[in-house]
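Coordinate inspection notes
Okay, here's what each chain looks like letter by letter:
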Amino acid sequence: MSLCLDCVKGVRHEGTSEGKFEFIRGVRCYVGTPFGEYNKEKAVLFLPDIFGIQLINAQLLVDDFSRNGFKTTAVDYFNGDPLQEDAFAGGEYDIPAWLAKHGNDQTRPNVDKVISALREQGVKDFGTTGYCFGARYGFDLAFENISKVTVVSHPSLLEVPEDLQKYKKLSQAPLLISSCTVDETFPRDSQAEADRIPGNGEQFTETYRREYFEGCTHGFTLRGDLSKPEVKAGREGSFKASMLFFKKHL
């Protein structure tokens with residue numbers, strides 16, 4: 001399991017965030033709340049990439065989910081120590097060393113604290129949307145059947161085919177994967193394995209979908225260069241597919 005060079009590349013997106021930062025059981029979160037009435041027994045858990053919840057790109061995507069009727073909570077599981085945005089401009093970082101300080105023991109407890117607190121607030125059903133690093137927890141929560149629906153985009157840190165086999169064996173959650181052309185951490189052979197195992201040999205079934213966005217590179221949904229038409233179309237297509245999947249299964 002590893003990250004790739006594209007995990008630390010990206011473009012800052014323009015926009016003004018509409019949600020708010022708050023502490024949930026001591027964990028800093030960015031929360032998007034729908035305007036008007038919404039189902040308070042359902043929530044989306046937003047599992048960010050290594051740039052965390054302080055990146056405006058993540059906040060804008062959380063806002064998009066909340067505008068479509070789902071209260072969405074993005075978790076700071078990096079304890080205030082995400083990778084910094086200057087990596088976009090070629091900042092030097094020792095990624096293996098950073099990962100060693102942000103393993104499961106350091107990051108998973110924050111996810112569990114937030115889930116527990118949201119349950120106490122009345123949430124019964126969770127959908128997860130995980131990006132790169134966050135896809136690992138999307139799978140782990142599905143293995144434990146904590147989540148009702150799983151959405152992942154350009155996943156990292158998965159063992160293929162082992163995690164796909166485990167998903168099929170243990171999880172009851174429908175699975176949506178947004179994949180792309182250039183992705184070292186989830187390449188075409190891994191995509192084919194996903195279709196073969198949870199998809200039972202199909203790219204699209206009732207409870208499994210793998211969207212594929214031609215011309216896009218790992219990170220496109222959260223850090224892609226939206227001045228490129230194919231990337232903009234990929235980001236928008238991935239979000240639309242995610243929303244339709246949540247509306248159908250969550």
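Since the model is a prediction, treat every value here as computed from it, not as a measurement.

Take the pairing of strand E8 (residues 208-217) next. Bridge analysis of strand E7 (residues 175-182) against E8 gives 7 bridges, and the strand direction is parallel. The residue bridging Leu175 from the neighbouring strand is Tyr208, located in E8. Crossover E7 to E8 through helix H6 (residues 188-196) is right-handed.

Take the side chain of Ser190 next. Along the chain, the position of Ser190 falls in helix H6. Here Ser190 is in contact with Val160 and Leu164, once residues within four sequence places are set aside.

Okay, the packing of helix H4 (residues 133-143) against helix H5 (residues 162-170) next. At a minimum axis distance of 9 Å, the contact between H4 and H5 shows a crossing angle of 30°. Seen along the crossing, H4 lies across H5 with a hand that is left-handed. Residue-level contacts link Arg136, Phe139, Ala142 and Phe143 of H4 to Asp163, Leu164, Lys166, Tyr167 and Leu170 of H5. Of the residues that constitute the contact of H4 with H5, the class distribution is 6 nonpolar, no polar and 3 charged.

We now examine the sheet that holds strand E5 (residues 125-131). Within a sheet, each strand pairs with its neighbour through backbone hydrogen bonds, oriented either parallel or antiparallel. Taken in spatial order, the 8 strands make up an open sheet running E1-E2-E4-E3-E5-E6-E7-E8, and their pairing is mixed. The open sheet terminates on both sides in strands that have one partner only, identified here as strand E1 (20-24) and E8. Mean inter-strand twist for the sheet, computed between neighbouring axes without regard to direction, equals 25°. Sheet topology places strand E3 (residues 42-47) next to strand E4 (residues 72-75); 3 bridges connect them, and they run parallel. Its bridge partner being in E4, Val44 is matched across the sheet by Thr72. Where H4 meets the sheet, its contacts fall on E3, E5, strand E6 (149-153) and E7, and the angle it forms with E5 comes to roughly 150°. Here H6 sits on the sheet in contact with E7 and E8, set at roughly 165° to E8.

Where H6 is concerned, the buried positions are Ser190, Gln191, Ala194 and Asp195. The arc that holds every buried residue of H6, seen down its axis, measures 145°, which confines them to one face. For H6, the secondary structure elements touched by its buried residues are H5, E7 and E8.

Relative orientation of the contacting elements helix H1 (residues 56-67) and helix H8 (residues 229-249) amounts to 40°, with a least axis distance of 11 Å. Taken as axis vectors, H1 and H8 run oblique relative to one another. You can see that H1 and H8 cross each other, and the crossing is right-handed. Here H1 contributes Leu61, Asp64 and Phe65 to the contact with H8, which in turn contributes Arg235, Phe239, Ser242, Met243 and Phe246.

The next subject is the nonpolar core. In terms of nonpolar packing, the biggest core is built from 35 residues, with Leu45, Ile50, Phe51, Tyr77, Leu83 and Val114 touching the most fellow members. The residues contacting Ile50, other than those within four sequence positions of it, are Leu3, Cys7, Val8, Phe78, Pro82, Leu83, Trp98 and Phe133. Counting residues in each nonpolar core, the second largest holds 21 residues, with Val44, Ile53, Ala241 and Phe246 among its members.

The tally for this structure, following the rule as stated, stands at 16 aromatic pairs. In textbook terms, an aromatic cluster arises when at least three aromatic residues are bridged by ring pairs, as seen for Tyr77, Phe78, Trp98, Phe133 and Tyr137. One cation-aromatic arrangement involves Lys40 over Tyr38; the distance from NZ or CZ to the ring centre is 4.4 Å. In this arrangement the basic side chain of Arg188 is found over the ring face of Tyr212, its NZ or CZ atom lying 4.5 Å from the centre.

In this fold, Asp76 is placed in the loop between E4 and helix H2 (95-100). Overall, Asp76 belongs to the buried group, its relative accessible area being 9%. Sequence separation between Asp76 and Gln106 is 30 residues, and the spatial gap between their C-alpha atoms is 11 Å. Those residues in contact with Asp76 that sit more than four places away from it in its chain are Val27, Arg28, Ile53 and Asn110. Among the polar contacts listed, one links the side chain of Asp76 to the backbone nitrogen of Asn79, at a separation of 3.2 Å.

Glancing now at empty space enclosed by the protein. In the structure shown here, the tally under the stated rule is 1 cavity of 30 Å³ or more. Approximately 40 Å³ is the volume found for the largest cavity. Leu61, Tyr131, Ser153, Thr221, Arg235, Ser238, Phe239 and Ser242 are the residues that line the largest cavity. By residue number, the principal contributor to the lining of the largest cavity is H8, which donates 4 residues. Of the residues in the lining of the largest cavity, the class split is 3 nonpolar, 4 polar and 1 charged.

What counts as what
Residues numbered from 1 in each chain as written. Predicted model: local features only at pLDDT ≥ 70, side-chain atom pairs only at ≥ 80, totals over all residues. Heavy atoms only, no water. Pairing = 2+ DSSP bridges. Helix = DSSP H or I, 4+ residues; strand = E, 2+ residues; numbered from the N terminus. Right-handed = clockwise from strand over helix to strand, strands pointing away. Contact = heavy atoms within 4.5 Å. Axes fitted to C-alpha atoms, helices over the stretch in contact; angles between N-to-C directions. Left-handed = near helix turned anticlockwise from the far one by under 90°. Nonpolar A, V, L, I, M, F, W, Y, C, P; charged D, E, K, R; others polar. Buried < 20%, exposed > 50% of the residue type's maximum accessible area, 1.4 Å probe, protein only. Arc of directions from axis to C-beta. Parallel < 35°, antiparallel > 145°, perpendicular 65-115°, else oblique. Core = buried A, V, L, I, M, F, W, Y, C linked by side-chain atoms within 4.5 Å. Phe/Tyr/Trp six-rings, centres within 6.5 Å; stacked < 30°, edge-to-face > 60°. Lys NZ or Arg CZ within 6 Å of the ring centre and 35° of its normal. Polar contact = N/O pair within 3.5 Å; in protein donor to acceptor, adjacent residues only side chain to side chain. 1 Å grid on protein atoms, 1.4 Å probe; cavity = no way out; pocket = protein on both sides within 12 Å on 5 of 7 lines; lining within 4 Å. Points joined across faces, edges and corners; volume = space filled by probe spheres on them.

Purely geometric numbers; function is a separate question.
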